[in-house]
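Structural description and commentary
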Amino acid sequence: MPEEETLERAREDKREGKSPSTQAGEFVREEMEHIREGKHGARSPEQATAIGLSKARRAGVKLSPPKRGPKRTKRQAKRDLAKGRAGRGKKTSSRRSRAIKRALKRESRRSASKQALSRHAKRVARQRSRRSRSAAAKKAARTRARRR
């Protein structure tokens, strides 16, 4: 279950009219913090991000499933979205919850390090076209908060 502070930050983003991916970013940030604090680990930066996005969808962020990628990922994203719309369902059984925690505790804490995230960002950026990267940079410059 996400922390109340994270939920509030995501709600604030929604009130300000920010995109679902921005709202979901709060949950991903929380997940990275959990890994850095040593609460649990993750096998890779992608897994850490996926956990955060899943939490966001289950918390009610209207983040659509990925257009590309494995069928299984899309199916799981749809399921998370449905869970988010349905509201609070049955609590996860303690046995399952404990199993998930134990599995994640065995994973590395390095997957949320600055170096790992930087490597991941560079690798993903290389897969995008030059035009796409340029458009993203221009949009970032256009929508950047101005300093007074």
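About the cut-offs
Residues numbered from 1 in each chain as written. Predicted model: local features only at pLDDT ≥ 70, side-chain atom pairs only at ≥ 80, totals over all residues. Heavy atoms only, no water. Helix = DSSP H or I, 4+ residues; strand = E, 2+ residues; numbered from the N terminus. Buried < 20%, exposed > 50% of the residue type's maximum accessible area, 1.4 Å probe, protein only. Contact = heavy atoms within 4.5 Å. Areas by Shrake-Rupley, 256 points an atom, 1.4 Å probe, with all protein chains shown as cover. Lys, Arg positive; Asp, Glu negative; His and termini not counted. Charge placed at Lys NZ, Arg CZ, Asp CG, Glu CD. Salt bridge = Lys/Arg side-chain N within 4 Å of Asp/Glu carboxyl O. Expected span 1.5 Å × (residues − 1). Patch = residues over 30% accessible without salt bridge, like charges linked within 9 Å, V, L, I, M, F, W, Y side chains within 5 Å. Axes fitted to C-alpha atoms, helices over the stretch in contact; angles between N-to-C directions. Parallel < 35°, antiparallel > 145°, perpendicular 65-115°, else oblique. Left-handed = near helix turned anticlockwise from the far one by under 90°.

With that out of the way, let us pick up the overall build of the protein. The helix and strand inventory of the protein stands at 7 helices and 0 strands. Ordered by position from the N terminus, the helices and strands of the protein form the series α-α-α-α-α-α-α. By its C-alpha atoms, the protein is 50 × 35 × 35 Å across when sized along the principal axes. Counting every position in the protein, which comprises 148 residues, the buried fraction comes to 25%. Considering only intrachain contacts with a sequence separation of at least 6, the fraction spanning at least 24 residues in the protein is 56%. With the model as given, the accessible surface of the protein reaches about 11,800 Å², and the carbon-plus-sulfur share is 50%. Of the side-chain charges in the protein, 51 are positive and 15 negative, and the distance between the mean point of each set is 10 Å.

A complete count under the given rule lists 15 salt bridges for this structure. Close ionic contact of Glu3 with Lys39 constitutes a salt bridge, the shortest N to O distance being 3.8 Å. One end of the pair, Glu3, is in the segment before α1 (4-15); the other, Lys39, is in the loop between α2 (20-37) and α3 (45-58), and 36 residues separate them in sequence. In this structure, Arg123 engages Glu46 in a salt bridge whose closest nitrogen and oxygen atoms are separated by 2.6 Å. Of the two residues, Arg123 is situated in helix α6 (residues 114-126) and Glu46 in helix α3; the sequence distance between them amounts to 77 residues. Arg123 gets classed as partly exposed once you look at its relative accessible area, which sits at 36%. A network of salt bridges, in which partner residues are shared, links Glu4, Glu8, Arg11 and Arg15.

All right, on to α3 then. Here α3 spans 20 Å end to end across 14 residues, near enough to the 20 Å set by a 1.5 Å rise per residue. Residues Pro45, Ala48, Gly52, Ser54, Lys55, Ala56 and Arg57 constitute the buried set of α3. Tucked into the core, α3 has its buried residues touching α2, α4 (71-86) and α6. Phi for Gly60, located one or two positions after α3, is positive at around 105 degrees.

Bringing a positive patch on the surface into the picture now. Residues Lys71, Arg72, Arg75, Arg79, Lys83 and Arg96 make up a contiguous surface patch of positive charge. Top contributing element to the positive patch by residue count: α4, with 5 residues. On the secondary structure map, Arg96 appears in helix α5 (residues 94-105).

Residue placement: Glu31 occurs in helix α2. For Glu31, a relative accessible area of 1% corresponds to the buried category. If near-sequence neighbours (up to four positions away) are discounted, Glu31 is found in contact with His40, Ala48, Ile51, Gly52 and Lys55.

Close contact between α1 and α2 brings their axes to 8 Å; oriented N to C, the two are set at 160 degrees. Here α1 lies roughly antiparallel to α2, going by the angle between them. Of the two possible hands of crossing, α1 and α2 adopt the one that is right-handed. Along its contact with α1, which presents Thr6, Leu7, Arg9, Ala10, Asp13 and Lys14, the element α2 presents Thr22, Gln23, Glu26, Phe27 and Glu30.

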